Amino acid sequence: MTDNLTYEISRRRTFAIISHPDAGKTTLTEKLLLYGGALELAGSVTAKKKQRETSSDWMELEKKRGISISSTLLQFDYKNFRLNLLDTPGHKDFSEDTYRVLMAVDGVIMVIDAGKGIESQTRKLFEICRKRGIPIFTFMNKLDRPAIPPLELIDQLEKVLNLHAYPVNWPLENGVFFKGVYDRMNKEVHLFERVPGGSYRAPVSIHDLSDPLVKSILNESVYNQIAEELELLDVAHAGFNRNEVLLGNTTPVFFGSAANNFGVELLLKGFLEHSSGPAPRKAKSGEVPLDNPAFSGFVFKVQTNMNPMHRDRMVFARICSGKFNRDQTVFHSRLGREIRLSSVHNVFGRDRETINDAYPGDILGFVTNTPFQVGDTISSDPDIVFHEIPRFAPECFAYIHNVTASSYKSFRKGFEHLLAENLVQPFHLAGHPGNLPLLGAVGPLQFEVLQYRLKDEYNAESRLETMPWTCLRWLEEPLDDKILKEILPYGAASGKDFEGRQVILFTTDWSQQYFSNKNQSIKLLDSPL
């Protein structure tokens, strides 16, 4: 590996921010951009007129609903690091998008609402990270509001997630009395001042815990309680081990308030200090070293209409090895042909700028008319093929219909463009006469987004026809359609996914279990990979 390539790889940090809805994930994203120097003024998820909106929630529906519905890439430089930050949707209906993002990152910041503790979606996303061995950094957010006692939050982390927690810092009270945090690593108190709307960096002063000023702003009983808790932590949570963090066995825990900018800079610096650069990825032929002379990467997201004036399609790919140069010709493994990548960009929410080169760990955003799909491999070596992106079984099904004859062309064009994003999964049922596929989604909000974007971006009204199935399984080995039809339970249907793999749709989980018990020689899969 050349010295320059080694250096460039070492300064890459590619990470996602995950959380249960409303834990403050997008607000934290915005404040990391503020402290990282990528923004001069931080925006708000609930921005009113004349206030600045967030950089990551740029879609119209996201602005209206105040939630993230699509993952967003934000790339920027901070000190000696090159950061690729991915803000992800928190709502469970958009979890498939989040799962795909987690396949492309090397670390995760998990945001927890300190007033609510660990919630259901947090547990699900954590399990994905655990399976992938992704290092997790935890931010206990919203300490400016009444919060669960910090020792109880640490206990929750360890018992509910079965994960060793190391508190890097410790809060000085909470709610309206929240003053700041004690940095356990450097043995110093950080006192913060509130700023209007949290738009600017919060002024901070640093003191020793025994400083008379610190004692004067804390009630005596509160000061004594904090001192006792810190003594307890020095016994029960002593000895920070970075290797355990990188193995995913320990999570460093930071406390703060993203809305008020309390503790955000400590989180950013702590993450960069204790996280690691890109890790080698496994391809079909084995592990691909970062210094492999062949450029390689895989597609984890496709986004249409980021520039609505041009109806373009942006493809996002994680670089796994080698160096990418602008105008490079790469091999598209699924299509079996070479393509040239010329319109390649750094991406910051909706904004973009042309780049000339990129390195392992970087996320490429390139505009192309080539029909890319999530999971595709691009490489200068045709023998490198990645299988990084899993498929998940949808739980909601519907057909979508055009309602105005004059807008059929727009409807069809928009439908095909949005289908390319993997916003929903298409299936073709055996014996169904229609030319439009059955659509499968993890949750009903995905259908709402599909209809909204057809109307907003293509001016095409649509009608949704929901179907009764709630469970889909792939067949490990294909069966003859006639034989399968004879053994299906009442209300079930069979068909194929977009890659021609056979599937069965059941009306209930009980129906699926009944079928499996009765036909034990037929193995069903909840994911084709």
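Residues numbered from 1 in each chain as written. Predicted model: local features only at pLDDT ≥ 70, side-chain atom pairs only at ≥ 80, totals over all residues. Heavy atoms only, no water.

Participant: I keep staring at the overall build of the chain and nothing clicks. Help me out?
Facilitator: Secondary structure summary: the chain contains 14 helices and 31 strands in total. For 529 residues, the compact-globule formula gives about 24 Å, and the C-alpha radius of gyration of the chain, at 25 Å, lands near that figure. Viewed in the frame of its principal axes, the chain has a C-alpha envelope of about 80 × 50 × 50 Å. Looking at the chain as a whole, 57% of its 529 residues qualify as buried. Within the chain, contacts between residues at least 6 apart in sequence are counted, and of these 70% link residues at least 24 apart. Of the roughly 23000 Å² that the chain leaves accessible, carbon and sulfur atoms contribute 49%. (Helix = DSSP H or I, 4+ residues; strand = E, 2+ residues; numbered from the N terminus. Rg over C-alpha atoms; globule rule 2.2 N^0.38 Å. Buried < 20%, exposed > 50% of the residue type's maximum accessible area, 1.4 Å probe, protein only. Contact = heavy atoms within 4.5 Å. Areas by Shrake-Rupley, 256 points an atom, 1.4 Å probe, with all protein chains shown as cover.)

Participant: Even after reading the chapter, I still don't get unusual backbone geometry, so can you show me in this structure?
Facilitator: Working note: non-glycine residues mostly have negative phi, and peptide bonds are mostly trans. For Lys-142, which is not glycine, the phi dihedral falls at a positive 65°. Although it is not a glycine, Asn-162 adopts a positive phi angle of roughly 55°. On the accessibility criterion, Asn-162 (61% relative accessible area) is exposed.

Participant: Before we go on, may I ask you to explain the packing of aromatic side chains in this structure?
Facilitator: How two aromatic rings sit relative to each other is set out by the distance from centre to centre and by the angle between their planes. As enumerated under the stated definition, the model contains 15 aromatic pairs in all. Ring geometry for Phe-192 and Phe-262: centres 5.0 Å apart, planes at 15°, overall stacked. Note that Phe-192 is positioned in strand 9 (residues 188-192) and Phe-262 in the loop between strand 11 (250-255) and helix 10 (264-274), a separation of 70 residues in sequence. On the basis of relative accessible area, Phe-192 is assigned to the buried category, the value being 15%. Judged by relative accessible area, Phe-262 falls into the buried class, the value being 1%. Members of the aromatic cluster, each reached through a chain of ring pairs, are Phe-15, Phe-137 and Phe-271. In this structure, Arg-184 is placed above the aromatic ring of Tyr-166, and the distance from its NZ or CZ to the ring centre is 4.8 Å. (Phe/Tyr/Trp six-rings, centres within 6.5 Å; stacked < 30°, edge-to-face > 60°. Lys NZ or Arg CZ within 6 Å of the ring centre and 35° of its normal.)

Participant: Would you explain empty space enclosed by the protein in this entry?
Facilitator: Here the idea is plain: a probe the size of a water molecule rolls over the atoms and shows the empty space left. Under the criterion given, the structure shown has 4 cavities of 30 Å³ or more. Approximately 70 Å³ is the volume attributed to the second largest cavity. Lining of the second largest cavity is provided by 12 residues; of these, Ser-71, Thr-72, Leu-73, Lys-301 and Phe-316 occupy positions nearest its centre. Taken together, the elements giving at least two residues each to the lining of the second largest cavity come down to strand 2 (72-78) and strand 14 (296-304). Split into classes, the residues belonging to the lining of the second largest cavity amount to 7 nonpolar, 4 polar and 1 charged. (1 Å grid on protein atoms, 1.4 Å probe; cavity = no way out; pocket = protein on both sides within 12 Å on 5 of 7 lines; lining within 4 Å. Points joined across faces, edges and corners; volume = space filled by probe spheres on them. Nonpolar A, V, L, I, M, F, W, Y, C, P; charged D, E, K, R; others polar.)

Participant: Would you take a moment to explain the pairing of strand 2 for this structure?
Facilitator: Side-chain direction in a regular strand flips from residue to residue, so the side chains alternate between the two faces of the sheet. Among the 7 residues in strand 2, 6 count as buried, and that is most of the element. Two strands pair when backbone bridges link them, and strand 2 and strand 3 (residues 81-87) are joined in this way by 7 bridges, in the antiparallel orientation. Residue pairing across strands places Phe-76 opposite Leu-83, the latter belonging to strand 3. The turn linking strand 2 back onto strand 3 is made up of 2 residues, and Lys-79 within it adopts a positive phi angle of 55°. (Pairing = 2+ DSSP bridges.)

Participant: I'm lost on the state of the cysteines in this one. Help?
Facilitator: Disulfides are covalent bonds that connect the sulfur atoms of two cysteines. If you walk through the whole model with that rule in mind, you get 0 disulfides. For Cys-396, which is in no disulfide, the shortest distance to another cysteine sulfur is to Cys-471 and amounts to 12 Å. You can call Cys-396 partly exposed: its relative accessible area is 21%. Of the residues examined, Cys-471 reaches a relative accessible area of 4% and is grouped as buried. (Disulfide = S-S within 2.5 Å.)

Participant: I keep staring at the nonpolar core and nothing clicks. Help me out?
Facilitator: Most often, soluble globular proteins have nonpolar side chains that are buried together. Of all hydrophobic cores here, the largest spans 114 residues; its most connected members are Leu-102 and Ile-109. Once you skip the residues sitting within four places of it in the chain, Ile-109 turns out to touch Phe-15, Ala-16, Ile-17, Ile-18, Leu-28, Leu-32, Phe-137, Phe-139, Leu-267 and Phe-271. Membership of the second largest hydrophobic core comes to 18 residues, among which are Ala-398, Ile-400, Phe-415 and Tyr-458. (Core = buried A, V, L, I, M, F, W, Y, C linked by side-chain atoms within 4.5 Å.)

Participant: Honestly, the layout of surface pockets in this entry has me stumped. Any pointers?
Facilitator: Reported here for the second largest pocket is a volume of approximately 570 Å³. Of all elements in the fold, only helix 4 (95-102), helix 5 (120-132) and strand 28 (471-475) reach the threshold of two or more residues within the lining of the second largest pocket. Here the residues of the lining of the second largest pocket are counted per class, giving 10 nonpolar, 4 polar and 11 charged.

Participant: Where do I start with the packing of helix 4 against helix 5 in this structure?
Facilitator: Packed helix pairs are specified by the crossing angle of their axes together with the interaxial distance, meaning the distance between the axes. Close contact between helix 4 and helix 5 brings their axes to 10 Å; oriented N to C, the two are set at 30°. Compared by their axis directions, helix 4 and helix 5 come out roughly parallel. Pair helix 4 / helix 5 crosses with right-handed handedness. Contacts between helix 4 and helix 5 pair Ser-95, Thr-98, Tyr-99 and Leu-102 from the former with Gln-121, Lys-124, Leu-125, Ile-128 and Cys-129 from the latter. (Axes fitted to C-alpha atoms, helices over the stretch in contact; angles between N-to-C directions. Parallel < 35°, antiparallel > 145°, perpendicular 65-115°, else oblique. Left-handed = near helix turned anticlockwise from the far one by under 90°.)

Participant: Can you help me understand the side chain of His-345 in this one?
Facilitator: Its location among the elements puts His-345 in strand 19 (residues 344-348). You can call His-345 buried: its relative accessible area is 8%. At a separation of 3.0 Å, a polar atom in the side chain of His-345 contacts the side chain of Ser-343. With residues near it in sequence (within four places) discarded, His-345 still touches Gln-75, Met-314, Arg-352, Glu-353, Thr-354, Ile-355, Leu-364, Gly-365 and Val-367. (Polar contact = N/O pair within 3.5 Å; in protein donor to acceptor, adjacent residues only side chain to side chain.)

Participant: What's the story with the sheet that holds strand 25 (residues 425-429) in this structure? I'm lost.
Facilitator: The strands making up a sheet associate through hydrogen bonds between their backbones, and the pairing can be parallel or antiparallel. Spatially, 8 strands are ordered 27-24-26-25-29-30-28-31 in an open sheet, and the strand pairing comes out antiparallel. Looking along the sheet, the strands with just one partner apiece sit at the ends: strand 27 (462-466) and strand 31 (524-525). Where strand 25 meets strand 26 (residues 438-441), 3 bridges bridge the pair, whose relative direction is antiparallel. Paired with Pro-426 across the bridge in strand 26 is Leu-439. Helix 11 (residues 408-420) contacts strand 24 (396-402), strand 25, strand 26 and strand 27 of the sheet and is inclined by roughly 150° relative to strand 24. In the packing of helix 14 (residues 509-518) onto the sheet, contacts are made with strand 28, strand 30 (502-506) and strand 31, and the angle to strand 30 comes to roughly 125°.

Participant: Where do I start with the environment of Ser-407 in this structure?
Facilitator: Relative to the helices and strands, Ser-407 is located in the loop between strand 24 and helix 11. Separated by 54 residues in sequence, Ser-407 and Glu-461 place their C-alpha atoms 7.9 Å apart. For Ser-407, the contacting residues outside a window of four places in its chain are Asn-402, Asn-459 and Ala-460.

Participant: Any chance you could explain the environment of Ser-380 here in plain terms?
Facilitator: Relative to the helices and strands, Ser-380 resides in the loop between strand 23 (377-379) and strand 24. Counting along the chain gives 178 residues from Ser-380 to Ala-202, while the straight-line C-alpha distance between them is 47 Å. Contact partners of Ser-380, with chain neighbours within four places excluded, come to Ala-294, Phe-295 and Gln-328.

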